[in-house]
Every structure is written in C-alpha cells, then in structure tokens.
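Reading the structure
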Amino acid sequence: MRKIICPDYDEVCTAAADIFALQLKQKQDSVFGLATGSTPVGLYEEIIRRCETGEMDFSQAKAFNLDEYYPIEKNHPQSYKAFMDLHLFNKVKFAGTQIPNGEADDPHAECARYDAAIETAGGIDLQLLGIGINGHIGFNEPADVYPVGSHLTSLTESTLIANSRFFSEGETQPTTALTMGIGPIFKAKHILLLITGSAKAEVAKKLFDGKLYTDVPACFLLLHPNVTVIMDEAANSGRKE
Ligand code: F6R
C-alpha cells in the first residue's frame, strides 16, 4: 500500500487526477471504477477541467460505479445515477457508463448482471474508492461475514447518519443499497483510495497500524498488491480543520 500525503484536499484531487491521467496514457480504453460521496467531487471537477483543455480524454474509456441506493428511481435527485450525471457524466464523454440499477425488479439478479458486465468489459483497471467513517468501502459495511460478489445490503446507522446530510427534510432516505462486493473491487488492477478530512482520521489510523481489523472493511485492501492511498494532512494527523 503506497501512502501519499498532500497538504490539503485540493492537492489530493490534483494527485488523484494525475493517476487517472497516467492510467489513460497507458490505456485509452481503460475501465474505471468510480465512487460517489463528497470525497471525489474535487477530483471530478479537476477531470472535467482537464477534459475541457484537452489534457484528458475518456471517449474510449468505460466506467462502473460502486453502488446505488435500492430501491431508488434513476431520476431521484439523491440517486447515485443523478449524482454521477451532475458531477461527471454530463460533462465528460465516456464510451460507456454503468451504475447498479436501483429500479431493478430483482436486486440479486441485478448484482449478478453487474458483476458479469464488469468481467465482460475486461475487469476494472483503476478503482477509485472513498471510505466511510466506519471503514466501509463501496457499501460493504462492517460485518462478521462479507459477501464476495456484488449484493443487496442494509446500511448501518453510522452510514445513514453520515449520508443524511444529502437528503432534505421530509425526503425518504433509503436504508438499503446495491454495492459491488469486496471480490469485484479486489479484482481491480490498481485501487486508488482517497481519505480526506479530520472525520476520517480515526479510521485512517486503523488502516495503517499494521493490523487487519475485520470490522474495518477497508483493511481488506492491505492484502491487495497494488493500492495507492492519497490522504490530506487532516485525515493523516487528526488535526481539526
Ligand atoms: C460511494 C461509496 C462510499 C463513500 C464513503 C465516503 O460510492 O461507495 O463508500 O466513498 O461513504 O463518503 P464521503 O466521500 O461522502 O465521505
């Protein structure tokens, strides 16, 4: 696990965009695994900026997102489909993008279809991850037993509280989601984990103290041969912002 510490969030986004650029330079038709949440927003802004100046071009690349609430309508403002359209896909042209279908009749069949689609695309070259304050990656929440493949999951109270900031009063917040499993995430050739902000300092500390905490799903990444972690100083030191 390579650890890169940047002074602040903006520099984390620049360093992450550089890794995306390198991936594209090596393989124009790369398959990217993408994430939602607050953490990657600045990275997506930087990618949009570089696409506008012609420094980056995703027109041959494909993208698979990590997760989606379930059930949720695609055009619901809080769906991850809507999030990705707003923050990236409406501005950056990809050869293809996929997000687990929050409207699927059969969530289990949808997860099997999603894993097969990733395989058919040749697997993920670069997987972007954020991390929950409880250590989740995707929506693989802390548990005794982890499904390997993509699956329907119940969100923990910690995740529901953390994500409630995106929902306005009176808006129903889904309590279940479809997520890529640890298995498909692990098949990615390179994993890029971004950890920013002092709220993530405690979980980041656990990730780097040389133990595999089974109740911190991100610790599985310690076993992957090619993981880059980019952190800001707030997440690295616990310094209050
Ligand atoms: C999002 C995802 C989640 C987030 C995590 C951190 O697609 O899979 O694991 O990366 O909840 O969220 P933020 O970045 O909002 O702190």
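These figures come from a predicted structure and were not determined experimentally.

This brings us to the overall build of the protein chain. In terms of helices and strands, the protein chain carries eight helices and 10 strands. Computed over its C-alpha atoms, the radius of gyration of the protein chain comes to 17 Å, within 12% of the 18 Å expected for a compact globule of 241 residues. Within the protein chain, the proportion of its 241 residues that are buried is 52%. Taking contacts inside the protein chain between residues at least 6 apart in sequence as the whole, the part at least 24 apart equals 80%. On the protein chain, roughly 11000 Å² of surface is accessible, and the fraction owed to carbon and sulfur atoms is 52%.

On to the side chain of Thr228. Relative to the elements of secondary structure, Thr228 occurs in strand β10 (residues 227-232). What makes Thr228 buried here is its relative accessible area of 3%. Reaching out from Thr228, the side chain makes a polar contact with the side chain of His190 at a distance of 2.7 Å. Not counting chain neighbours up to four residues away, the residues in contact with Thr228 comprise Arg2, Ile4, Ile19, His190, Ile191, Leu192 and Leu193.

Tallying each qualifying case throughout the model produces 10 aromatic pairs. Taking the centre distance of 6.1 Å and the plane angle of 35° together, the rings of Tyr69 and Phe139 count as tilted. You can see Tyr69 sitting in strand β4 (residues 67-69) and its partner Phe139 sitting in the loop between β6 (126-129) and β7 (151-154), a full 70 residues away along the chain. Residue Tyr69 shares its accessibility class with Phe139, and that shared class is buried. Ring centres of Tyr146 and Phe220 lie 5.1 Å apart, and the angle between their planes is 85°; this geometry places the pair in the edge-to-face category. Of this pair, Tyr146 sits in the loop between β6 and β7 while Phe220 sits in the loop between α7 (201-207) and β10, and the two are 74 residues apart along the sequence. An aromatic cluster of at least three residues, connected via ring pairs, comprises Phe20, Phe32, Phe58, Phe89 and Phe94. Against the face of Phe208 rests Lys3, its NZ or CZ located 4.2 Å from the ring centre.

Attention now goes to the site of the ligand. If you check the shell around the ligand, you find 14 residues, and the closest are Thr39, Asp67, His136, Gly138 and Lys200. Ser38 places a polar main-chain atom, nitrogen or oxygen, 2.8 Å from an oxygen atom of the ligand. Asp67 has a polar side-chain atom sitting 2.6 Å from an oxygen atom of the ligand. Compared with its free state, where it exposes 400 Å², the ligand has 93% of that area covered by protein. Split by residue class, the shell around the ligand holds three nonpolar, eight polar and three charged.

Here the focus is the packing of helix α2 (residues 41-52) against helix α3 (residues 80-89). Interhelical geometry of α2 versus α3 gives an angle of 45° and a closest axis separation of 9 Å. Relative to α3, the element α2 lies oblique. Across the interface between the two elements, Val41, Tyr44, Ile47 and Ile48 of α2 pack against Phe83, Met84, His87 and Leu88 of α3. The class makeup of the residues in the contact of α2 with α3 is seven nonpolar, one polar and no charged.

The next point concerns the side chain of Asp232. The topology assignment puts Asp232 in strand β10. Within the local environment of Asp232, its side chain forms a polar contact with the backbone nitrogen of Gly197, the two atoms lying 3.1 Å apart.

Let's shift gears to the sheet that holds strand β2 (residues 31-34). Reading across the sheet, the seven strands line up as β1-β10-β9-β6-β2-β3-β5 and stay open at both edges, with parallel pairing between neighbours. Each end of this open sheet is capped by a strand with a single partner; those strands are β1 (2-6) and β5 (96-98). Strand-to-strand twist in this sheet, taken as the mean axis angle between neighbours without regard to direction, amounts to 15°. Relative to β10, strand β9 (residues 190-195) runs parallel, the two being bridged by five bridges. If you follow Ile195 over to β10, its bridge partner there is Met231. The strands touched by helix α1 (residues 9-26) within the sheet are β1, β2, β6, β9 and β10, with β10 carrying the most contacts at an inclination of about 155°.

Attention now moves to the packing of α1 against α2. Relative orientation and spacing of two packed helices are given, respectively, by the angle between their axes and the distance between those axes. At a minimum axis distance of 8 Å, the contact between α1 and α2 shows a crossing angle of 55°. With respect to their mutual orientation, α1 and α2 come out oblique. Here α1 runs over α2; the crossing is right-handed. Contact residues: Tyr9, Cys13, Thr14, Ala16, Ala17, Asp18, Phe20 and Ala21 in α1; Val41, Gly42, Leu43, Glu46, Ile47 and Arg50 in α2.

Quick notes on the rules
Residues numbered from 1 in each chain as written. Predicted model: local features only at pLDDT ≥ 70, side-chain atom pairs only at ≥ 80, totals over all residues. Heavy atoms only, no water. Helix = DSSP H or I, 4+ residues; strand = E, 2+ residues; numbered from the N terminus. Rg over C-alpha atoms; globule rule 2.2 N^0.38 Å. Buried < 20%, exposed > 50% of the residue type's maximum accessible area, 1.4 Å probe, protein only. Contact = heavy atoms within 4.5 Å. Areas by Shrake-Rupley, 256 points an atom, 1.4 Å probe, with all protein chains shown as cover. Polar contact = N/O pair within 3.5 Å; in protein donor to acceptor, adjacent residues only side chain to side chain. Phe/Tyr/Trp six-rings, centres within 6.5 Å; stacked < 30°, edge-to-face > 60°. Lys NZ or Arg CZ within 6 Å of the ring centre and 35° of its normal. Near = heavy atom within 4 Å. Nonpolar A, V, L, I, M, F, W, Y, C, P; charged D, E, K, R; others polar. Axes fitted to C-alpha atoms, helices over the stretch in contact; angles between N-to-C directions. Parallel < 35°, antiparallel > 145°, perpendicular 65-115°, else oblique. Pairing = 2+ DSSP bridges. Left-handed = near helix turned anticlockwise from the far one by under 90°.

By themselves, these are just geometric observations and shouldn't be taken as functional.
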